[in-house]
Amino acid sequence: DQQVKQNSPSLSVQEGRISILNCDYTNSMFDYFLWYKKYPAEGPTFLISISSIKDKNEDGRFTVFLNKSAKHLSLHIVPSQPGDSAVYFCGVFSGGYNKLIFGAGTRLAVHP
Amino acid sequence: EAGVAQSPRYKIIEKRQSVAFWCNPISGHATLYWYQQILGQGPKLLIQFQNNGVVDDSQLPKDRFSAERLKGVDSTLKIQPAKLEDSAVYLCASSLVAGGPHEQFFGPGTRLTVL
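Below: a short report on this structure.

1. Details of the overall build of chain A
Across its full length, chain A carries 0 helices and 11 strands. Starting at the N terminus and ending at the C terminus, chain A contains elements arranged as β-β-β-β-β-β-β-β-β-β-β. Against the 2.2 N^0.38 benchmark of 13 Å for 112 residues, chain A shows a C-alpha radius of gyration of 13 Å, consistent with a compact globule. In terms of overall dimensions, chain A has C-alpha extents of about 45 × 30 × 20 Å along its principal axes.

This is the structure in structure tokens:
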């Protein structure tokens, strides 16, 4: 059973526009949420995170929003740049599981 | 600071053969993870070490997979015998702090193809 779902396998955005990547989870016990970015032939790298006590966290061009009632989080990238083209993984964590569970990823392509 | 090192980067074997992967975490990182990433899926945790002790190996297929972390530093992951469905990228990650949702630093991975 998939506890973390990224329903859009791919997303194409024009440079300068906003990119919105979505993630849904099933278990309300998850209390920490992370986004990782992955370039080809490299390992994932941490991008941004948010705890369940917040509904928004911002870091430069990247903002993560958390809607606990909907069990939904999203990553906004504004403005999008060609260097943002990568696969983005949503990860969720709970103290009970004590491990990170990843979604299947969304491939973002930012074109000029 | 040097990142997580993994070798080999690529490996092709036939089913029923054995294979081993090596990982050297970031210096000083107590926690080490092995993930399996099958094409089109997210990384799935296989095993987590805290120093040289196993914290979680609930998703490790123990009939064919084994892992060790001697002296709490380097780690090896072995598959014996390999099956076709083991074709995946095997990622090693480490984190400074034990437990909790702390940032994990990933290596580049080993791409395994089982024919």
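Having put the structure on the table, let's press on.
2. Considering the pattern of salt bridges
Residues and elements named next belong to chain B. Tallied over the full model, the rule gives 5 salt bridges over all chains. Arg 64 is the salt-bridge partner of Asp 86, the closest N and O atoms lying 2.5 Å from each other. Placement of the pair is Asp 86 in the loop between strand S8 (75–79) and strand S9 (88–95) and Arg 64 in the loop between strand S6 (53–56) and strand S7 (65–68), with a sequence separation of 22 residues.

3. Quick notes on the packing of aromatic side chains
Across all of its chains, the model carries 12 aromatic pairs over all chains by this definition. For the ring pair Phe65(B) and Tyr90(B), a centre distance of 6.4 Å and an interplane angle of 40° mean the geometry is tilted. You can see Phe65(B) sitting in strand S7 and its partner Tyr90(B) sitting in strand S9, a full 25 residues away along the chain. As far as the burial class goes, Phe65(B) and Tyr90(B) line up, both buried. Here the aromatic cluster, defined as three or more aromatic residues joined through ring pairs, consists of Tyr36(A), Phe46(A), Phe89(A), Phe102(A), Tyr33(B), Tyr35(B) and Phe106(B).

4. A look at the environment of Thr45(A)
Residue and element names in this part refer to chain A. Along the polypeptide, Thr 45 turns up in strand S5 (residues 45–51). Between the C-alpha atom of Thr 45 and that of Ala 70, which follows or precedes it by 25 residues, the distance is 27 Å. When neighbours within four sequence positions are excluded, Thr 45 is seen to be in contact with Trp 35, Tyr 36 and Lys 37.

5. Examining the interface of chain A and chain B
Taken together, the contacts link 18 residues of chain A with 22 residues of chain B. Counting across the interface, chain A meets chain B through 1 salt bridge. Its salt-bridge partner being Asp56(B), residue Lys99(A) comes within 3.5 Å of it at the nearest N-O pair. The interface formed by chain A and chain B holds 5 residue pairs in polar contact (both at pLDDT 80 or more) in total. Counting only elements with at least two residues in the side of chain A that touches chain B, the list comes to strand S4 (32–38), strand S9 (86–94) and strand S10 (99–102) of chain A. Element by element, the count of residues in the side of chain A that touches chain B is highest for S4(A), at 4 residues. Taken together, the residues of the side of chain A that touches chain B break down into 12 nonpolar, 3 polar and 3 charged.

6. Let's talk about the state of the cysteines
Considering all chains together, one arrives at 2 disulfides over all chains under this definition. Residue Cys23(A) pairs covalently with Cys90(A) via a disulfide, S to S 2.0 Å. A torsion of -65° about the S-S bond marks the disulfide between Cys23(A) and Cys90(A) as left-handed. Pair noted here: Cys23(A) is in strand S3 (residues 19–25) and Cys90(A) is in strand S9, with a separation of 67 residues, a long-range link. Of the two residues, Cys23(A) and Cys90(A), both sit in the buried class. There is a disulfide in this structure between Cys23(B) and Cys92(B), and the S-S distance comes to 1.9 Å. Taking the torsion about the sulfur-sulfur bond, which here is approximately -70°, the covalent link between Cys23(B) and Cys92(B) counts as left-handed. Note that Cys23(B) is positioned in strand S3 (residues 19–24) and Cys92(B) in strand S9, a separation of 69 residues in sequence. Like Cys92(B), Cys23(B) is buried.

Rules and cut-offs
- Residues numbered from 1 in each chain as written.
- Chains lettered and ligands numbered in written order.
- Predicted model: local features only at pLDDT ≥ 70, side-chain atom pairs only at ≥ 80, totals over all residues.
- Heavy atoms only, no water.
- Helix = DSSP H or I, 4+ residues; strand = E, 2+ residues; numbered from the N terminus.
- Rg over C-alpha atoms; globule rule 2.2 N^0.38 Å.
- Salt bridge = Lys/Arg side-chain N within 4 Å of Asp/Glu carboxyl O.
- Phe/Tyr/Trp six-rings, centres within 6.5 Å; stacked < 30°, edge-to-face > 60°.
- Buried < 20%, exposed > 50% of the residue type's maximum accessible area, 1.4 Å probe, protein only.
- Contact = heavy atoms within 4.5 Å.
- Polar contact = N/O pair within 3.5 Å; in protein donor to acceptor, adjacent residues only side chain to side chain.
- Nonpolar A, V, L, I, M, F, W, Y, C, P; charged D, E, K, R; others polar.
- Disulfide = S-S within 2.5 Å.

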